[in-house]
Amino acid sequence: MAERIPNEEQMQVINETEQNILLFASAGTGKTFTVAQRVNHILKSGMAQADDILCLTFTTKASNEMRLDILQYAGDEGKQVFVSTIHGFCYQVLKEETKNNNSIYAEPEVIDEVDADNYLKDALKECGFSDSDVMESKEILYSIISVMKKEREMNGPYTGNEADDFQKVIEKLMRTDNNAIYKAVYFKHKSTNDWRTNKALYDFLERRAGEWAGRYCRTLKENNSFDFEDLICFVHRAMRKKEFRDEWQKRFKYIIVDEMQDTSEMEFDIIRCLFQGK
């Protein structure tokens, strides 16, 4: 197979190591190849060690592809480049923090959406809610709890009473016609394929969403567990502390983010904190 040679535009990206770059390119134009070659150039020129470089992606597939390309062009040295999804990066941060702070969690476990769904349903049952249409849909419950956690992390409140805090959050979200709440309350029935309003769910959220979310979060804590949203929230909250932020800023000399447009507001804040001063 013939060796792949970067074109002129790709070489501009590869060789630019002093300025921040925002690269716009459509699918199939060689972004991952260019990133891998840029990492190789940084390593071969001695501008950084492999573990000084962080490459973030937003899917496991993209992360694996980037890791393989870096290994292909940078060789064994590329093995030490930190290539990860944003959630994987946040999990690594969490693990390191637990070693330094026993008050957080011992051996934190990240649960997948299946386990989270089971915990969410158990919390609903404890609150006396058992609507079959809601219970059969993983997407409804997880999307509601995720948007509640995001809103609380970004805008509060944090009073020490999770149930009360989450109730205030859901009341605000329901007033602002949040898309996740809208999709939960107005849904397409599996059997008849017609759109329906789940009044029981709407009434439940309006009255007891805080209690439900609080029970779910308590179950996670009792099991030393984080869901995917917790990972982002934990690091986002930690980045507000200057000492923590400074430590992670010093960790990396070069940060490369794939598909920057896919970041959520919280993810963007985390990345922005890492970039400060670079």
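Residues numbered from 1 in each chain as written. Predicted model: local features only at pLDDT ≥ 70, side-chain atom pairs only at ≥ 80, totals over all residues. Heavy atoms only, no water.

## Quick notes on the pattern of salt bridges
- Tallied over the entire structure, the rule returns 18 salt bridges.
- For the salt bridge of Glu-126 with Arg-215, the shortest nitrogen-to-oxygen distance reads 3.1 Å. Within this pair, whereas Glu-126 is found in helix α5 (residues 113-126), its partner Arg-215 is found in helix α10 (residues 199-222), the two being separated by 89 residues in sequence.
- According to the relative accessible area criterion, Arg-215 is partly exposed, its value standing at 22%. (Salt bridge = Lys/Arg side-chain N within 4 Å of Asp/Glu carboxyl O. Helix = DSSP H or I, 4+ residues; strand = E, 2+ residues; numbered from the N terminus. Buried < 20%, exposed > 50% of the residue type's maximum accessible area, 1.4 Å probe, protein only.)

## Description of the sheet that holds strand β7 (residues 254-257)
- The three strands are arranged β2-β1-β7 in an open sheet whose pairing can be described as parallel. Each of the sheet's edge strands pairs with one partner strand only, and the pair in question is β2 (82-85) and β7. When strand polarity is set aside, the average angle formed by the axes of neighbouring strands in this sheet is 15°.
- Bridge analysis of strand β1 (residues 53-57) against β2 gives four bridges, and the strand direction is parallel. (Pairing = 2+ DSSP bridges. Axes fitted to C-alpha atoms, helices over the stretch in contact; angles between N-to-C directions.)

## Observations regarding helix α12 (residues 242-251)
- Here α12 has its buried residues at Phe-244, Arg-245, Trp-248 and Gln-249. Projected down its long axis, α12 shows its buried positions confined to an angular sector of 130°, all on one face. Set apart from the buried face of α12 by more than 90 degrees, the exposed residues are Lys-242, Glu-243 and Lys-250.
- Turning to α12, the residues buried within the fold contact α4 (86-100), α11 (228-238) and α13 (265-275). (Arc of directions from axis to C-beta. Contact = heavy atoms within 4.5 Å.)

## With respect to the packing of helix α1 (residues 8-15) against helix α2 (residues 31-44)
- Taken N-terminus to C-terminus, the directions of α1 and α2 make an angle of 40°; their axes are 8 Å apart at the nearest point. Relative to α2, the element α1 lies oblique. The way α1 lies across α2 gives a crossing that is right-handed. Residues Gln-10, Val-13, Ile-14 and Asn-15 of α1 form the contact with α2, whose participating residues are Phe-33, Thr-34, Gln-37, Arg-38 and His-41.
- Classifying every residue of the contact of α1 with α2 by side-chain character gives three nonpolar, five polar and one charged. (Parallel < 35°, antiparallel > 145°, perpendicular 65-115°, else oblique. Left-handed = near helix turned anticlockwise from the far one by under 90°. Nonpolar A, V, L, I, M, F, W, Y, C, P; charged D, E, K, R; others polar.)

## Quick look at the packing of aromatic side chains
- This structure, assessed with the given rule, holds nine aromatic pairs.
- Centroid distance Phe-129 to Phe-204: 4.8 Å. Interplanar angle 40°. Geometry classified as tilted. With Phe-129 in the loop between α5 and α6 (132-135) and Phe-204 in helix α10, this pair connects stretches of sequence that are 75 residues apart. For the pair formed by Phe-129 and Phe-204, the shared burial category is buried. (Phe/Tyr/Trp six-rings, centres within 6.5 Å; stacked < 30°, edge-to-face > 60°.)

## A closer look at the side chain of Thr-34
- The topology assignment puts Thr-34 in helix α2.
- For Thr-34, the side chain forms a polar contact with the main-chain oxygen of Gly-30, separated by 2.7 Å.
- Other than its neighbours up to four places away in sequence, Thr-34 contacts Gln-10, Val-13 and Ile-14. (Polar contact = N/O pair within 3.5 Å; in protein donor to acceptor, adjacent residues only side chain to side chain.)

## A look at the nonpolar core
- Grouped together as the largest cluster of nonpolar side chains are 33 residues, with contacts concentrated most on Ile-144, Met-148, Ile-181, Leu-205, Trp-212 and Tyr-216.
- Elements with a contribution of two residues or more to this core: α5, α7 (138-155), α8 (162-175), α9 (179-185) and α10.
- Considering each element in turn, this core owes the most residues, nine residues, to α10.
- Residue contacts for Tyr-216: discarding those within four places in its chain leaves Ile-111, Ala-116, Tyr-119, Leu-120, Ala-123, Ile-145, Lys-149 and Asp-227. (Core = buried A, V, L, I, M, F, W, Y, C linked by side-chain atoms within 4.5 Å.)

## Quick look at a nonpolar patch on the surface
- Where nonpolar side chains cluster on the molecular surface, the patch consists of Tyr-182, Tyr-186 and Trp-195 and spans about 380 Å² of accessible area.
- Along the chain, the position of Tyr-182 falls in helix α9.
- Classification of Tyr-182 as partly exposed rests on a relative accessible area of 47%. (Patch = residues over 30% accessible without salt bridge, like charges linked within 9 Å, V, L, I, M, F, W, Y side chains within 5 Å. Areas by Shrake-Rupley, 256 points an atom, 1.4 Å probe, with all protein chains shown as cover.)

## Structural notes on the side chain of Thr-263
- Structurally, Thr-263 is set in the loop between β7 and α13.
- Within the structure, the side chain of Thr-263 is placed 2.9 Å from the backbone oxygen of Met-260, a separation counted as a polar contact.
- Contacts of Thr-263, omitting those with residues within four sequence positions, involve Phe-58, Phe-268 and Ile-271.

## Comments concerning the pairing of β7
- Along β7, one buried face is formed by Tyr-254 and Ile-256 and the opposite face, lined by Ile-255 and Val-257, is buried too.
- The sheet contact formed by β1 and β7 spans four bridges and is parallel. Counted as the bridge partner of Ile-53 is Tyr-254 from β7.

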